[in-house]
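What follows is the residue order along each chain.
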Amino acid sequence: QVQLVQSGAEVKEPGASTKISCKASGYTFNDYFLHWVRQAPGQGLEWMGWINPNSGDTNYAQKFQGRVTMTRDTSISTAYMELGSLRSDDTAFYYCARRYSSGWRNWFDSWGQGTLVTVSS
Amino acid sequence: QSVLTQPPSASGTPGQRVTISCSGSRSNIGRNSVNWYRQLPGTAPKLLIHSDYQRPSGVPDRFSGSKSGTSASLAISGLRSEDEADYYCAAWDDSLNGHVVFGGGTKLSVL
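Residues numbered from 1 in each chain as written. Chains lettered and ligands numbered in written order. Predicted model: local features only at pLDDT ≥ 70, side-chain atom pairs only at ≥ 80, totals over all residues. Heavy atoms only, no water.

Scanning chain A from N- to C-terminus turns up 0 helices and 11 strands. Walking chain A from its N terminus toward its C terminus, one meets helices and strands in the order β-β-β-β-β-β-β-β-β-β-β. Against the compact-globule benchmark of 14 Å for 121 residues, chain A has a radius of gyration of 14 Å, which places it among compact chains. Once the C-alpha set of chain A is aligned to its principal axes, its extents read approximately 45 × 30 × 25 Å. Split into buried and exposed, the 121 residues of chain A put 47% on the buried side. A sequence separation of at least 24 residues applies to 52% of the contacts in chain A between residues at least 6 apart. Working note: accessible area of chain A is about 5,500 Å², and carbon and sulfur atoms make up 43% of it. Put simply, chain A has 11 plus and 10 minus side-chain charges, and the middle of one group is 4 Å from the middle of the other. (Helix = DSSP H or I, 4+ residues; strand = E, 2+ residues; numbered from the N terminus. Rg over C-alpha atoms; globule rule 2.2 N^0.38 Å. Buried < 20%, exposed > 50% of the residue type's maximum accessible area, 1.4 Å probe, protein only. Contact = heavy atoms within 4.5 Å. Areas by Shrake-Rupley, 256 points an atom, 1.4 Å probe, with all protein chains shown as cover. Lys, Arg positive; Asp, Glu negative; His and termini not counted. Charge placed at Lys NZ, Arg CZ, Asp CG, Glu CD.)

Given below as C-alpha cells:
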C-alpha cells in the first residue's frame, strides 16, 4: 500500500534551516507529484508547494519563495523540503502529501505522518 | 485569512445530520473540484471526499459532498462520537498558478 514516511521531529534556532525527508513506498515514485503542507499549532492547513519527482520541477507558494527548496532523490524514492531563515512562526507540523489525478481533478490521497519543527532559541 | 471560507465550528448530537459549508471563488471552487479532509486530534489529515462528491474506498456513505457554483458542502448523517474532528475543504486555484488553497477548517463537536 502507499506509504509516505517522514523524518523525525527537529528543534532549530531562529535563522537556521531545516530539511525534512519524505520516503515513498508502495508505488512508482516518479509517477506522482508530492506536495508539502504545514500546520502551525492549533491552526489550519497551509499549502507550501510541490515537486514533480520525475523532472525535479517545483512550484512554491509565494509566501515561501526564496526560503523554501524542494528536491528529490529518485534512487531512494525520497523527497525533501528545506526551509531556511527559520522564525518562531515557522514552528509547525510539516506534511508531505501525494497528489492523485484523474483527468482535470486532483486530490491528496495519501499523507505522511507529519514532522514537527520547533523554532526556539 | 484562508482563501476558502468555512465556519470555525459546527456541532450536533448523535444521529443528527450536520453540514459544513465551504465558500470560494470562480478561480478555485468555480473551476476546480473540491476535496474534503478529516483530521483527528494528533494525526495527519486524511482524504474524506474528492472530486466534489466522490468517497474513497472505506469512507462510509454517511459522508457526502456537493458543490454548486463557488460553494461546496460536506454533509454527515447519522452523527457518531467518532466523527468529532477537524474538517478542511481544499481546491486548486487557477489564479494562483495552480496552487492549492484550503479552508480554515471546521471543528465538529458531537454533543
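On to the sheet that holds strand S6 (residues 71-76) of chain B. All names here are of chain B. Ordered in space as S2-S6-S5, the 3 strands form an open sheet in which the pairing is antiparallel. On the outer flanks of this sheet lie strand S2 (18-23) and strand S5 (63-68), each paired with one strand and no other. Averaged over all pairs of adjacent strands, the angle between their axes in this sheet comes to 20°, without regard to strand direction. Pairing geometry for S5 and S6, over 6 bridges, is antiparallel. From the neighbouring strand, serine 66 faces S6, where its bridge partner is serine 73. (Pairing = 2+ DSSP bridges. Axes fitted to C-alpha atoms, helices over the stretch in contact; angles between N-to-C directions.)

All right, on to the interface of chain B and chain A then. Taken together, the 20 residues of chain B in the interface contact 23 residues of chain A. In this assembly, chain B packs against chain A so that about 1,700 Å² is buried in total across both faces, 61% of it on carbon and sulfur atoms. Summed over the three residues of chain B that lose the most area to chain A, namely Trp92(B), His99(B) and Phe102(B), the buried surface amounts to 31% of that side. In this structure, the salt-bridge partner of Arg105(A) is Asp52(B), at a minimum N-O distance of 3.5 Å. At the junction of chain B with chain A, the criterion picks out 8 residue pairs in polar contact (both at pLDDT 80 or more). Breaking the side of chain B that touches chain A down by element, the ones donating at least two residues are strand S3 (34-39), strand S7 (85-93) and strand S8 (99-102) of chain B. (Buried area = accessible area lost by both parts, 1.4 Å probe. Salt bridge = Lys/Arg side-chain N within 4 Å of Asp/Glu carboxyl O. Polar contact = N/O pair within 3.5 Å; in protein donor to acceptor, adjacent residues only side chain to side chain.)

To continue, consider the environment of Asp57(A). All names here are of chain A. Tracing the sequence through the fold places aspartate 57 in the loop between strand S5 (45-51) and strand S6 (58-60). Since its relative accessible area comes to 46%, aspartate 57 is described here as partly exposed. Distance in space between the C-alpha atoms of aspartate 57 and phenylalanine 33 is 9.7 Å, their sequence separation being 24 residues. In contact with aspartate 57, not counting residues within four places along its chain, are Trp50, Ile51 and Asn52.

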